[in-house]
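As a plain string of letters, each chain reads:
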Amino acid sequence: MISNKLIIKEVLFCFVLFCFISCKSHKIVSGFELNNVTVDSINIEYFNSHLYLKTDIENRKVNLIFDTAADGLYLDSVFIAKSGQKFGDLAYGKIRGAGINEERIRIIKDSVFCKINSLNLKSRFTPILQLRQIVGKKADGIIGNTAFRDKTICIDYFNQKIFVFKDFYAEMVKDFKKISMTEINNRYFVNASITITKDIVANGKYLIDLGSGGVVSITNNVAMQNNLKNKITNQIICNSSNVGIGGNSSDTFFKSNAIILGDLVVENEHLSYSNNKTGALSEANYLGLLGNGFFERFYVVLDFENKDLYLKPNINFKKKPKTYNLGFNYTDRTDIYNGLIVSSMFENSDAEKKGLRLGDIITHINDVSVESMKDFSILDNTKNNQKIKIKYQRENRIQEIEIITNDLFKYVNN
């Protein structure tokens, strides 16, 4: 149970942030004197574990995913096709991401102009990705660190805001925990310690990846070196068709003992390690990724210029770990299909046992068409031992099953 004292603290913190949004002025906020502080407030939507920024590209409203593991601007191929926007010459290149394959992509050679509130950005070349097949119809593109490279920002997951500080002083975040970052090729890393089991600790460099919806994703290199396949008592394999750039992927989920970052500790969370021997999570240069599933429980301040990370627990700090009792994940592609694409499947889930497969198109849930649904909370908020009727299409055949949700982590006890 969250105490009234904690809630009051959270409200006061949000009030302080909103008071920052002003012209240059002299203010006393909660007993703290602020001189000449100017802040831009950017509305975001934290949806399906991704941060969406409302932006303008070539005078067109777009939703861009904020991804700290990316550099500049990337646009989705379907968005470009539907927008009718014409560009000049295209180049071709290759890109590798979390999947096992290297992908051939097109690149816009013309300059593309992007506006995020008062920030005006110019992308000198813009890769075109098949992004929506990974995260769904909401994504028009990705914006990376370039937008905020020499700035300090605060990400407020709870109130769905990003604050860009034009004037920043470390004393403004005196109640936060400060953690040094290391920059390598415009990617930012921190030292963290993951207690995988009571005998295995992965201590070292982790990439801050706010384009990842996971909590912590450990590399295949760490998994192989520590023989995690045989050392973790209970684990669940999840196979995915479009986990990221590069397509197919396989990950193993388990419950960790603790995630330690500075003197902040998150216990008993569901993490994963990669089974891929190629792709971003096969790396030997770092131990893994820290994603939104971890950072969503904090107010996050990123001082890119001085390479400092500041964290303060928010109201979600003590949230329970996510459960995977549905047995599969999906991507909303009602923009071009009539349903949800099954994008990930957990082995030994009831959905897998009943015959659901990667790539199947779910058209009806409990006899209600997916196209008529305003949201999919019936899938997102499932409880254990819940019956769900699913009608799906595979190639030209329509099939129907009834699954019973089962908590795949119920008996995990490392």
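The structure presented is a predicted model; accordingly, all values stated were derived computationally and were not measured.

Peer 1: Just to check I follow, could you spell out the pairing of strand β3 (residues 39–47) for this structure?
Peer 2: Strand residues, when the strand is regular, have side chains that alternate between the two faces of the sheet. Relative to strand β14 (residues 161–165), β3 runs antiparallel, the two being bridged by five bridges. The partner of Ile-42 across the bridge, within β14, is Ile-162. Inspection of the sheet shows β3 paired to strand β4 (residues 50–57) by four bridges, in the antiparallel sense. Bridge pairing in β4 places Glu-45 opposite Tyr-52. If you look at the hairpin formed by β3 and β4, you'll find two residues sitting between the two strands, and Asn-48 has a positive phi there, around 50°.

Peer 1: Is there a simple way to think about the pattern of salt bridges in this case?
Peer 2: Note that side chains of opposite charge can pair when their charged atoms are close. Scanning all chains against the criterion turns up 17 salt bridges. A salt bridge links Glu-183 to Lys-307, with the nearest nitrogen and oxygen atoms 3.5 Å apart. Taken together, the residues Glu-183 in strand β16 (residues 182–184) and Lys-307 in the loop between β26 (298–303) and β27 (308–313) connect sequence positions 124 residues apart. Looking at Lys-307, the relative accessible area reads 29%, which means it is partly exposed.

Peer 1: Is there a simple way to explain the packing of aromatic side chains in this structure?
Peer 2: Note on aromatic pairs: each is described by the distance of the centres and the angle between the planes. In the structure shown here, the tally under the stated rule is 15 aromatic pairs. Ring centres of Phe-189 and Tyr-286 lie 5.6 Å apart, and the angle between their planes is 50°; on these two criteria the pair is classed as tilted. Taken as a pair, Phe-189 in strand β17 (residues 187–197) and Tyr-286 in the loop between β24 (270–274) and β25 (288–290) lie far apart in primary sequence, 97 residues in all. Summarising the burial analysis for this pair, Phe-189 and Tyr-286 share the class buried. Judged by centre distance (5.3 Å) and plane angle (50°), the rings of Phe-294 and Phe-298 are tilted. Both residues of the pair, Phe-294 and Phe-298, belong to the buried class. Through a chain of ring-to-ring contacts, three or more aromatic side chains come together here, namely Phe-294, Phe-295, Phe-298 and Phe-317. One residue, Lys-138, lies across the ring of Phe-47, its end atom 5.2 Å from the ring centre. The side chain of Lys-205 reaches across the aromatic face of Phe-189, ending 5.3 Å from its centre.

Peer 1: Would you mind going over the environment of Thr-126 with me for this structure?
Peer 2: The residue Thr-126 is located in strand β11 (residues 126–129) in this model. Look at Thr-126 and you get buried, because its relative accessible area is 0%. The sequence separation of Thr-126 and Ile-107 amounts to 19 residues, and the corresponding C-alpha distance is 5.4 Å. With sequence-adjacent residues up to four places away left out, Thr-126 is seen in contact with Leu-73, Tyr-74, Leu-75, Arg-106, Ile-107, Ile-108 and Val-112.

Peer 1: What's the story with the nonpolar core in this structure? I'm lost.
Peer 2: Within soluble globular proteins, side chains that are nonpolar tend to cluster in buried spots. By size, the foremost hydrophobic cluster in this structure holds 65 residues, and its most contacted members are Phe-66, Phe-148, Ile-155, Phe-295, Leu-302 and Leu-309. Sort the elements by how many residues they give to this core and β17 lands first, with five residues. Every residue in contact with Phe-66, bar those within four places of it in the chain, is listed here: Leu-51, Leu-53, Ile-143, Gly-144, Asn-145, Phe-148, Ile-153, Ile-155, Ile-162, Leu-210 and Gly-211. Listed in part, the 19 residues of the second largest apolar core include Tyr-330, Ile-365, Met-373 and Phe-376.

Peer 1: Explain the pairing of strand β10 (residues 119–123) to me, please; I cannot follow it from the model alone.
Peer 2: Across the two faces of β10 the burial differs, with Leu-119, Leu-121 and Ser-123 buried and Asn-120 and Lys-122 not buried at all. In terms of strand pairing, strand β9 (residues 112–116) meets β10 through five bridges, oriented antiparallel. Its bridge partner lying in β10, Cys-114 is registered against Leu-121. Taking the residues between adjacent antiparallel strands as the criterion, β9 and β10 are bridged by two residues, where Asn-117 takes a positive phi near 55°.

Peer 1: What exactly am I supposed to notice about the confidence of the model for the protein chain here?
Peer 2: It should be kept in mind that the predicted coordinates are not to be read in detail where pLDDT is low. Per-residue confidence for the protein chain gives a mean pLDDT of 85, with 86% of residues at or over 70. Segment residues 1–36: pLDDT under 50, and 58 contacts once partners within four positions in sequence are set aside and those in other chains are kept.

Peer 1: I would appreciate a short explanation of the side chain of Ser-240 in the present structure.
Peer 2: By the element assignment, Ser-240 lies in strand β20 (residues 236–244). Judged by its relative accessible area of 5%, Ser-240 is buried. Sequence-distant contacts of Ser-240, that is, excluding residues within four places in its chain, are made with Asn-248, Ser-249, Ser-343, Ser-344 and Leu-358.

Peer 1: Honestly, unusual backbone geometry in this entry has me stumped. Any pointers?
Peer 2: Of all residues except glycine, most have a negative phi; of all peptide bonds, most are trans. Phi at Glu-58 is positive, roughly 50°, even though this residue is not glycine. Mapping Glu-58 onto the fold places it in the loop between β4 and β5 (60–66). If you check the backbone angles, Asn-385 has positive phi at about 60° while not being a glycine. Summarising the element assignment, Asn-385 is placed in the loop between α8 (377–380) and β32 (387–394). Of the residues examined, Asn-385 reaches a relative accessible area of 58% and is grouped as exposed.

Rules of the game
Residues numbered from 1 in each chain as written. Predicted model: local features only at pLDDT ≥ 70, side-chain atom pairs only at ≥ 80, totals over all residues. Heavy atoms only, no water. Pairing = 2+ DSSP bridges. Helix = DSSP H or I, 4+ residues; strand = E, 2+ residues; numbered from the N terminus. Salt bridge = Lys/Arg side-chain N within 4 Å of Asp/Glu carboxyl O. Buried < 20%, exposed > 50% of the residue type's maximum accessible area, 1.4 Å probe, protein only. Phe/Tyr/Trp six-rings, centres within 6.5 Å; stacked < 30°, edge-to-face > 60°. Lys NZ or Arg CZ within 6 Å of the ring centre and 35° of its normal. Contact = heavy atoms within 4.5 Å. Core = buried A, V, L, I, M, F, W, Y, C linked by side-chain atoms within 4.5 Å. pLDDT = per-residue confidence, 0-100.

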